[in-house]
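Structural overview
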Amino acid sequence: MAKARVNREEFLGKLLSVQPGLSTKEIVEQSSCFILTGGEIMTYNDEVACRTSSGLADSFEGAIRAAPLLALLEKMEEDEIDIETTAAEMLVGGKRRRAGITMDKEIMLSIGNVEKPKEWKDLPKDFCDAISIVESCAGKDDSRFNLTCVHVNSKWVEACDNVQVARYRLKLDVQQKALIRRDSIRQIIAFEMTEFSETTSWMHFRHATGLLLSCSRY
């Protein structure tokens with residue numbers, strides 16, 4: 001068992017920040033869950049992985065369904081809430097209510113497939129703006145995979161659906177050009193990412209708060 005009292009809005013903010021890594025369908029086992037482990041909150045849906053500090057002790061360990069937890073925290077009005085985990089559930093309590101949400105103590109999410117970044121580089125300040133401009137020109141037909149991606153290289157980012165094309169010129173210190181699914185890389189637009197890193201199969205983006213968002217690259 002683990003217990004803690006936390007600021008409700010701060011904890012909710014951390015959960016929402018890793019929401020891009022969630023899946024509404026169980027494409028990957030536990031991909032619709034928040035994973036608590038090692039003092040972090042993690043999500044992973046095979047295309048996007050997110051992780052940030054949970055603000056909780058390492059003793060908080062397990063996978064909890066994201067939708068009911070978010071719904072509960074958004075309905076509560078208390079500034080501070082109590083969180084407790086048992087072998088089968090997470091208990092969330094305030095002054096007016098106390099609710100339990102089923103929790104799996106065994107973590108089966110294969111987030112270990114995501115390579116860990118080592119070397120970080122500065123992102124151009126207009127990189128997120130560039131993505132927000134070009135991603136709308138990417139296609140939606142999965143049978144033409146390359147057209148559903150944003151092309152990232154050292155001189156520009158671009159996207160095309162064979163009807164329209166957008167290219168935004170910038171200097172990005174990438175070692176290898178990559179295709180990243182539009183629905184994946186567009187997730188960084190909501191965050192002011194400041195750094196990036198490259199690994200064999202992933203491009204990683206980091207926020208000043210430590211939030212890490214990783215996109216599968218092709």
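Refer to the structure printed above.
A short tour of the structure in this document, coming up. Predicted, not measured: the structure shown is a model, and the values here were computed from it.

Cut-offs applied
Residues numbered from 1 in each chain as written. Predicted model: local features only at pLDDT ≥ 70, side-chain atom pairs only at ≥ 80, totals over all residues. Heavy atoms only, no water. Helix = DSSP H or I, 4+ residues; strand = E, 2+ residues; numbered from the N terminus. Contact = heavy atoms within 4.5 Å. Polar contact = N/O pair within 3.5 Å; in protein donor to acceptor, adjacent residues only side chain to side chain. Buried < 20%, exposed > 50% of the residue type's maximum accessible area, 1.4 Å probe, protein only. Disulfide = S-S within 2.5 Å. Patch = residues over 30% accessible without salt bridge, like charges linked within 9 Å, V, L, I, M, F, W, Y side chains within 5 Å. Areas by Shrake-Rupley, 256 points an atom, 1.4 Å probe, with all protein chains shown as cover. Salt bridge = Lys/Arg side-chain N within 4 Å of Asp/Glu carboxyl O. Lys, Arg positive; Asp, Glu negative; His and termini not counted. Charge placed at Lys NZ, Arg CZ, Asp CG, Glu CD. Phe/Tyr/Trp six-rings, centres within 6.5 Å; stacked < 30°, edge-to-face > 60°. Lys NZ or Arg CZ within 6 Å of the ring centre and 35° of its normal.

This part covers the environment of Glu195. Tracing the backbone through its elements, the reader meets Glu195 in strand E14 (residues 195–198). In contact with Glu195, other than residues within four places in its own chain, are Trp120, Lys121, Asp122, Leu123, His204, Phe205 and Arg206. A distance of 2.8 Å separates a polar atom in the side chain of Glu195 from a polar atom in the side chain of Arg206.

Turning to helix H1 (residues 8–17), its buried residues are Arg8, Phe11, Leu12, Leu15 and Ser17. Where H1 is buried, its residues touch strand E1 (2–7), strand E2 (33–37), strand E3 (40–44), strand E4 (48–53), helix H2 (66–75) and strand E6 (80–85). Measuring from the backbone nitrogen of Glu9 back to the side-chain oxygen at the start of H1 gives 3.1 Å, which picks out Asn7 as the cap.

Moving on, we get to the state of the cysteines. With the rule as written, the count across this model stands at zero disulfides. No disulfide involves Cys215; its nearest neighbouring cysteine sulfur is the one of Cys50, lying 8.1 Å away.

A contiguous patch of negative charge, built from Glu9, Glu10, Asp79 and Glu80, is present on the exposed surface. Structurally, the position occupied by Asp79 is in the loop between H2 and E6. Judged by its relative accessible area of 60%, Asp79 falls in the exposed class.

Applying the stated criterion across every chain yields a total of twelve salt bridges. Asp82 is the salt-bridge partner of Arg5, the closest N and O atoms lying 2.8 Å from each other. Within this pair, whereas Arg5 is found in strand E1, its partner Asp82 is found in strand E6, the two being separated by 77 residues in sequence. Of the residues examined, Arg5 reaches a relative accessible area of 57% and is grouped as exposed. Classification of Asp82 as partly exposed rests on a relative accessible area of 31%. Here Asp183 ties to Arg182 by a salt bridge, and the two come within 3.0 Å at their closest N and O atoms. Residue Arg182 is classed as buried on the basis of its relative accessible area, which comes to 6%.

Right, let's get into the packing of aromatic side chains. With the rule as written, the count across this model stands at three aromatic pairs. Ring plane angle 55° and centroid distance 6.1 Å describe the contact between Tyr44 and Trp202, whose orientation is recorded as tilted. Here the residue Tyr44 occupies a position in strand E3, and Trp202 occupies one in strand E15 (residues 202–206), the gap between them amounting to 158 residues. Accessibility assignment for this pair places Tyr44 and Trp202 in one class, buried. Directly above the ring of Trp120 sits Arg206, whose terminal nitrogen or CZ lies 4.2 Å from the centroid.

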